[in-house]
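Below are the chains, spelled out letter by letter.
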Amino acid sequence: MQNQKTDKVRKEIRIYAPGMPIDGTYDLIMTCCACHGPEENRQFVWKAEDQIYYQEQGYKEPPARCKGCHKKLKEAQRAAHNATHSAAAKH
Ligand SMILES: [Zn+2]
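Everything numeric here is computed off the predicted structure, so don't read it as measured data. Residue numbers here run from 1 along each chain, matching the order of that chain's written sequence. Local features in this predicted model are restricted to residues whose pLDDT is 70 or higher, and side-chain atom pairs enter the listing and the counts only when it is 80 or higher, whereas totals over whole chains, interfaces and linings include all residues.

1. Remarks on the overall build of the protein chain
Okay, so step 1: Looking only at helices and strands, the protein chain has three helices and three strands in total.
Okay, so step 2: Here the C-beta atoms are placed from the backbone, and a residue counts as buried if at least 20 other C-beta atoms lie within 10 Å of its own, exposed if 12 or fewer do, and partly exposed otherwise. With 91 residues in all, the protein chain has 5% of them scored as buried.
Okay, so step 3: Any residue pair is listed as a contact if its two C-beta atoms, each placed from the backbone, are within 7 Å. For the protein chain, the proportion of contacts with a sequence separation of at least 24, taken over those separated by at least 6, is 36%. Under the DSSP-based scheme used, a helix requires at least four consecutive residues in state H or I and a strand at least two consecutive residues in state E, with every element numbered from the N terminus.

2. Here we look at the environment of Ala17
Okay, so step 1: By secondary structure assignment, the location of Ala17 is in the loop between strand S1 (13-15) and strand S2 (27-31).
Okay, so step 2: Residue Ala17 is classed as exposed on the basis of its C-beta count, with 7 C-beta atoms lying within 10 Å.
Okay, so step 3: Put simply, Ala17 and Met30 are 13 residues apart on the chain and 8.5 Å apart in space, counted from C-alpha to C-alpha.

3. Some thoughts on the sheet that holds S1
Each strand in a sheet pairs with another by means of backbone hydrogen bonds, the pair being arranged parallel or else antiparallel.
Okay, so step 1: Should DSSP find at least two bridges between two strands, the strands are taken to pair. Strand order across the open sheet formed by three strands is S1-S2-S3, with mixed pairing between neighbours. The open sheet terminates on both sides in strands that have one partner only, identified here as S1 and strand S3 (43-46). Ignoring which end each strand starts from, the neighbouring axes of this sheet average 30° apart. Axis definition: a line fitted to C-alpha atoms, limited for helices to the stretch in contact. Angles are taken between N-to-C directions and run from 0 to 180 degrees.

4. A short note on the environment of Ile29
Okay, so step 1: Within the secondary structure, Ile29 is located in strand S2.
Okay, so step 2: Placed 15 residues apart in sequence, Ile29 and Arg14 show a C-alpha to C-alpha distance of 6.0 Å.
Okay, so step 3: Ignoring sequence-local partners within four residues, the contact set of Ile29 consists of Ile13, Arg14, Ile15, Tyr16, Gln43 and Val45.

5. As for the pairing of S2
Okay, so step 1: Sheet topology note: the S1/S2 ladder contains three bridges and is parallel. Paired with Arg14 across the strands is Leu28, a residue of S2.
Okay, so step 2: As defined by bridge partners, S2 adjoins S3 across four bridges and the pair is classed as antiparallel. The residue of S3 that forms the bridge with Met30 is Phe44.

Keep in mind these numbers describe shape, not what the thing actually does.
Listed below in structure tokens is the structure:
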């Protein structure tokens, strides 16, 4: 039983600092730039596997927003895009 440890599944969590290498070694604690409130309420975890996905997508900058804020931003961008698009289409 004791040999059946799953050390590889448990990853360390680190607080992200600018310039830190992002290679999916650790889960990183990020601070959302769009959330309100004290810093501890704005923190979110950037999963190691998401970091690898990010790199595969060619992103250079780490996410500045938590998932909730990211979603809101995307929705706002889409709404703005649709608004300009339909305004232009109406002519
Ligand atoms: Zn947020």
